[in-house]
Every structure is written in C-alpha cells, then in structure tokens.
Amino acid sequence: MEHPENDDKYKGLKVNQGVSEMPTVNPYMTKRVRRRQYTPAEFVEGILKGNITVLSQAVTLVESSRHDHQQVAQEIIEKCLPHAGKSVRVGITGVPGAGKSTSIDVFGLHLLKQGHKLAVLAIDPSSERSKGSILGDKTRMEQLSREKNAFIRPSPSAGSLGGVARKTRETIVLCEAAGFDTVFVETVGVGQSETAVHSMVDFFLLIQLAGTGDELQGIKRGIMEMADGIIINKADGDNIEKAKLAAAQFRNALHLFPPTESGWFPKVLTYSGYYNIGIKEIWDMVDEYIRFTKKNGYFDYKRNEQAKYWMYESINDTLRDTFYHNPAVEEMLAYTEKQVLQNEISSFVAAKRMMDLFLADISKKG
Ligand code: GDP
C-alpha cells in the first residue's frame, strides 16, 4: 500500500486540527503572588538555618530607607549579633579593569574548595549616580554565582557613602549569622570608599597592575598605607617580568612607610586571576596575617576599634538626618543659605542660627 496511514487500522492516529496556540504568558502568573512577610523571629530563624532566600529578603530590609523596614531590620540585626563576628572579612580594592571580578571569582572558588562559605558584598560610590551598580553584580562573577555556598550581593545604592557603608556593615552581620565564614567587601579604588571598607574588614587587599614607566604613579599613598597585601594581577605571558619589576618597586616603596600598627609587614605578590596562577599563595598570606594578628591581640583590638568607629558614625548619621529633616530647619535653610550667598551674614552666624532654631524646636517638642 502506498499510503499506509490511510489504512483503517491507523484511524486513531489521524491528526485533525492542531491545538490552539498556548498563551505566551502563564495566566496564573498575571495575578502577582505576594510573598508573605516574615516576622522578625522567622527572619532570624531562617538566617540562622542558612536559608539564602530569607537572608536576601532581610538584606533588602537593611537596605531599605523605609522607617518600618528599618525597624524590622534593626530587630533582626540585634538578634543575629550574638551569632556574628566569626568570619574573616577581607576588603578588596583596585581601579576598574584591575581584575577584581576575575580575581574574586577564582579566589572564591579556591576558598569554596577548602570548604569555606563565602559572601561577596560591595561598596560602590558610583551606583547612586548611575542608578546601577558596577560592583558585586552576579554576572561579573560567573562561576561563583553558580555556587550554592557563595552569596553575592551588589552594592546598596541609596544614600550617602556613609549610609551605604553602614548598610554593608550590617549585611556582614546577617551573612555571618547565616554561616558565611569568609566575607569579601569589594570597592573601586578611586576615592573615599576604601576608608569605609577598611573600617569594616580584617585584611585589606589592594589589586594593582604592572604598567609602564613609574609604577607608583597615580596610586594614592593613603590607599597603599591601608593595604595589608598588595597583589599584582595579570602576571602572565609577556607581562610576567613587568609584574615582577612592579612588585619590587612596591616593596621598596613600602619600606619608606612608617611601621604598621598591627606589627605586620605588608606583602607584595604577583598572580594571574585569569590563568589561575599564584592564588594559593595569596590566601596563605591572608591566613598567616589572621594567625599573626590573633596571636598578638591586634585582631580583637581592631574589631573593637571598628565597633567604636561605627557607633560614632551611626550617631553622626542620625544627628545629621534629624537636623536636616527637622521642619523648622527645612523651612529656614534655603533662606539662610541665600543670606550667606548675599553676604548678609557670615557662614558661622548662619550655622549658629540654624542650630539654635533646631535646638529650640526639639526642646519645645521634647
Ligand atoms: P574589574 O573591573 O576590576 O572587575 O576587572 P575585570 O575582572 O572585569 O577584568 C578586566 C579585564 O582584565 C578583563 O578583560 C579580564 O579578562 C582581564 N583580566 C583579568 N584578570 C586577568 C589576568 O590575570 N590576566 C590577564 N591577562 N587578563 C586579565
């Protein structure tokens, strides 16, 4: 038979009409399913169990500027604090293009292989202006972002550098309570943000590149002085010799700096993030530093100093916020500024008037 499918015995296989096309959007999804809001106790319980979804939602509350969110966030942080503090916190900085994301990817995999759990956070001063974060983005750390023992969170974007840094510091507490034993805080090496990162980490790693000519040009002395380790990336191919030369120059420069408070002499190493060369040596250095500073007491001393620093930072933040959001201040500030600009009163008199106004207003309410 020429067309066997026409035979009666295949009748059941006859295809009539095609089914109508499926809608492209799942109709059940058009109604937005609202997530149930956890109670603070549920948040804490989830975090302590290492539940990443709960941790992420708690971090969102920490980052929120809404008053009710902040209240819940503070309650969660307070309950997590006794379970925090046990991680090794490492600050990582370097100019854009130095290889931060490539390096964090391989550093992270190296640590995970050793059985660690890693959280990668970021402080990105540009994210407020550009409304998009260039750091800590999952897509930048391709391999790490697929690992279940890695938690990557982009920089909080709202507010001043101080505000952003505070949120990152609070996020460290939540990550530690969730069982992350290593925390990276990444930042771009271009401005003020290094100081903020330095004030919340145990070890500060500066990624550098070998350039041409004078290697030390363009590097802010202050940033170099903060570094516990300087690592020169892209020491591969034709670049190996240049990287070695740069390392020697950095070592010489470091000798000119005053001795560090920790008693540790900063090390300079070369490596290649891309080709995975010299990674183990970098983490051996970090381990050695932690052992060294735990033994001489500097580790705990620095953590205490940092806690003190953040207390005063918080007070300053709150004072500033309360001042600028005070209705009496808001009403008079623009006018007073105009008076200063027109040389009618001096800056100092203007400031004193505003302060008096503020203090009178709060004592009236108090
Ligand atoms: P970031 O801006 O500091 O995060 O830098 P990236 O990690 O995005 O790296 C910038 C560029 O340098 C990318 O094109 C990387 O592929 C390249 N790169 C990073 N690490 C190395 C390395 O070890 N060797 C070489 N040759 N190139 C690298």
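In what follows, the accompanying structure is described.

About the criteria used
Residues numbered from 1 in each chain as written. Predicted model: local features only at pLDDT ≥ 70, side-chain atom pairs only at ≥ 80, totals over all residues. Heavy atoms only, no water. Axes fitted to C-alpha atoms, helices over the stretch in contact; angles between N-to-C directions. Helix = DSSP H or I, 4+ residues; strand = E, 2+ residues; numbered from the N terminus. Parallel < 35°, antiparallel > 145°, perpendicular 65-115°, else oblique. Left-handed = near helix turned anticlockwise from the far one by under 90°. Contact = heavy atoms within 4.5 Å. Nonpolar A, V, L, I, M, F, W, Y, C, P; charged D, E, K, R; others polar. Phe/Tyr/Trp six-rings, centres within 6.5 Å; stacked < 30°, edge-to-face > 60°. Near = heavy atom within 4 Å. Polar contact = N/O pair within 3.5 Å; in protein donor to acceptor, adjacent residues only side chain to side chain.

1. Quick look at the packing of helix H3 (residues 52–63) against helix H4 (residues 67–80)
At step 1: Relative orientation of the contacting elements H3 and H4 amounts to 125 degrees, with a least axis distance of 8 Å. Accordingly, the angle class assigned to the pair H3 and H4 is oblique. Judged by the twist between their axes, the crossing of H3 over H4 is left-handed. Touching Ala58, Leu61 and Val62 of H3 are His69, Gln70, Val72, Ala73, Ile76 and Ile77, all from H4.
At step 2: Residue composition of the contact of H3 with H4, by class: seven nonpolar, two polar and no charged.

2. A closer look at the packing of aromatic side chains
At step 1: On inspection of all chains with the given rule, the structure shows 13 aromatic pairs.
At step 2: Measuring from centroid to centroid gives 4.9 Å for Phe323 and Tyr324, while their planes differ by 85 degrees, and the two rings are edge-to-face.
At step 3: Each ring, one from Phe323 and one from Phe358, has its centre 5.2 Å from the other, and the planes form 70 degrees; the classification is edge-to-face. Residue Phe323 is located in helix H12 (residues 298–324), and its partner Phe358 is located in helix H14 (residues 347–365); the two are separated by 35 residues in the primary sequence.

3. Re the site of the ligand
At step 1: Close to the ligand lie 15 residues; Lys100, Ser101, Thr102, Lys234 and Asp236 are nearest.
At step 2: Separating an oxygen atom of the ligand from a side-chain N or O atom of Arg140 is a distance of 2.9 Å.
At step 3: Contact distances for the ligand include 2.9 Å between an oxygen atom and a backbone N or O atom of Gly273.
At step 4: Here the shell around the ligand is built from residues that sort into four nonpolar, seven polar and four charged.

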